[in-house]
Amino acid sequence: MRKIVLTALAVAAACFAGSLPASSSEAIKPPSQSWGFGGIFGTFDRAALQRGFHVYKDVCAACHSMNLLAYRNLRALGFSEDEVKGIAAEYEVTDGPNDEGNMFQRAGRPSDRFKAPFANEKAARAANNGAFPPDLSLMIKARPSGANYVHALLTGYEPPPPSVKLMEGMNYNKFFPGGQIAMAPPLNADAVTFGDGTPATVAQMSKDVVTFLAWAAEPELEVRKQMGVKVILFLIVLTIMLYAAKRRTWAGVH
Ligand code: HEC
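An account of the accompanying structure is given in this report. (Residues numbered from 1 in each chain as written. Predicted model: local features only at pLDDT ≥ 70, side-chain atom pairs only at ≥ 80, totals over all residues. Heavy atoms only, no water.)

1. Some words on the overall build of the chain
Next up, step 1: Within the chain one finds eight helices and four strands.
Next up, step 2: Walking the chain from its N terminus toward its C terminus, one meets helices and strands in the order α-α-α-β-β-α-α-α-β-β-α-α.
Next up, step 3: The burial tally for the chain puts 31% of its 254 residues in the buried class.
Next up, step 4: In the chain, 63% of the contacts between residues at least 6 apart in sequence involve partners at least 24 apart.
Next up, step 5: Accessible surface computed for the chain: about 16100 Å², of which carbon and sulfur atoms make up 61%. (Helix = DSSP H or I, 4+ residues; strand = E, 2+ residues; numbered from the N terminus. Buried < 20%, exposed > 50% of the residue type's maximum accessible area, 1.4 Å probe, protein only. Contact = heavy atoms within 4.5 Å. Areas by Shrake-Rupley, 256 points an atom, 1.4 Å probe, with all protein chains shown as cover.)

2. Details of the coordination of the iron atom of the ligand
Next up, step 1: Around the iron atom of the ligand, the protein contributes the donor atoms His64 (NE2) and Met183 (SD), which lie 2.0 to 2.1 Å from the metal centre.
Next up, step 2: Given six donor atoms and angles of 85 to 177° at the metal, the environment of the iron atom of the ligand is assigned as octahedral. Here His64, found in the loop between helix H2 (46–58) and helix H3 (81–89), pairs with Met183, found in the loop between strand E4 (180–181) and helix H7 (202–217); they are 119 residues apart in sequence, far enough to count as distant. (Donors = N, O, S within 2.8 Å, 3.2 Å for Na, K, Ca; no water. Tetrahedral: all angles 85-135°; square planar, octahedral: opposite > 155°, others 65-115°.)

3. Details of the environment of Val164
Next up, step 1: By the secondary structure assignment, Val164 is in the loop between helix H6 (146–155) and strand E3 (171–172).
Next up, step 2: Judged by relative accessible area, Val164 falls into the partly exposed class, the value being 28%.
Next up, step 3: For Val164 and Gln180, which are 16 residues apart along the polypeptide, the C-alpha to C-alpha distance reads 9.3 Å.
Next up, step 4: Excluding residues that lie within four positions of it along the chain, Val164 makes contacts with Tyr172 and Gln180.

4. Observations concerning the pattern of salt bridges
Next up, step 1: Enumeration according to the criterion identifies 11 salt bridges in this entry.
Next up, step 2: Arg51 is paired through a salt bridge with Asp196; the nearest N and O atoms lie 2.8 Å apart. In this pair, Arg51 sits in helix H2 while Asp196 sits in the loop between E4 and H7, placing the two residues 145 residues apart along the sequence.
Next up, step 3: Here the salt bridges do not stand alone but share partners, grouping Arg51, Asp196 and Asp208 into one network. (Salt bridge = Lys/Arg side-chain N within 4 Å of Asp/Glu carboxyl O.)

5. Things to note about the environment of Ala127
Next up, step 1: Tracing the backbone through its elements, the reader meets Ala127 in helix H4 (residues 121–127).
Next up, step 2: With 64 residues separating them along the chain, Ala127 and Cys63 place their C-alpha atoms 8.8 Å apart.

6. So, the site of the ligand
Next up, step 1: Not every one of the 21 residues close to the ligand is listed here, only the nearest: Cys60, Cys63, His64, Tyr149 and Met183.
Next up, step 2: Between Arg143 and the ligand, the recorded distance is 2.8 Å, taken from a side-chain N or O atom to an oxygen atom.
Next up, step 3: Considering every element that reaches the shell around the ligand, the biggest residue donor is H6, with four residues.
Next up, step 4: A class-by-class count of the residues in the shell around the ligand yields 18 nonpolar, two polar and one charged. (Near = heavy atom within 4 Å. Polar contact = N/O pair within 3.5 Å; in protein donor to acceptor, adjacent residues only side chain to side chain. Nonpolar A, V, L, I, M, F, W, Y, C, P; charged D, E, K, R; others polar.)

Spatial relationships are all this shows, so hold off on functional conclusions.
Written as structure tokens, this is what we have:
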């Protein structure tokens, strides 16, 4: 009996130890930023969303797919129908088979999904030193403190401290678990030129692309938050009415 209890204790201790952060190789916590879409009244800034899409399209899309988005979803960013048609038409997509049984290329349409940069995972790895650039559709939801983390990652590249020996093809980034990431710093100042004249600093491009990725991961955020506020208001009014009704019902009882 004693033996069983001791073994159980040992197993429990081992499990507990495993859940503790593993000393120095663990990534550090990303600092919190103020996001327009945070808080109970949060909404997405349309100008930031459009700039963020611009950054994704011109920079990140060279390596990262966003398979869950179709070009027509971009209407929600404030692009007109014609603008969306224009964006879709910039891409050549494979369609078919036609009557002869062959696949063929045609210009993209608003109903097409975002074109992926690589045909499959093996091609993506082959072009990226063996590392796989993950799909970004749900990235903000897929990582703890998603928006803050991705912003910290994009802006957090530094020369490695002397204690760290970088493996070949890796880059030092203290926010990435393990500190070594296969993605080279993707953002350089003025990598894009924003149509609205906003200066394209690394911090600005990062904030905008993260806003765009947050929208992609949760396009219904605004509706959800508005509904929450309405429900709270409704409950407050209902409480006041029930209280008044209760006082009236019991008014004559002494
Ligand atoms: C030249 C190719 C390339 C470009 C351009 C690029 N990435 Fe990456 N990215 C990668 C690769 C490769 C990985 C996988 C890294 C690894 O696992 O070590 C990655 C990983 C990531 C991750 C996941 C990190 C994690 O926690 O797993 C995020 C988020 C990311 N990239 C965002 C972006 C954004 C946003 C842009 C555009 C501003 C961008 N990337 C541009 C190649 C690229």
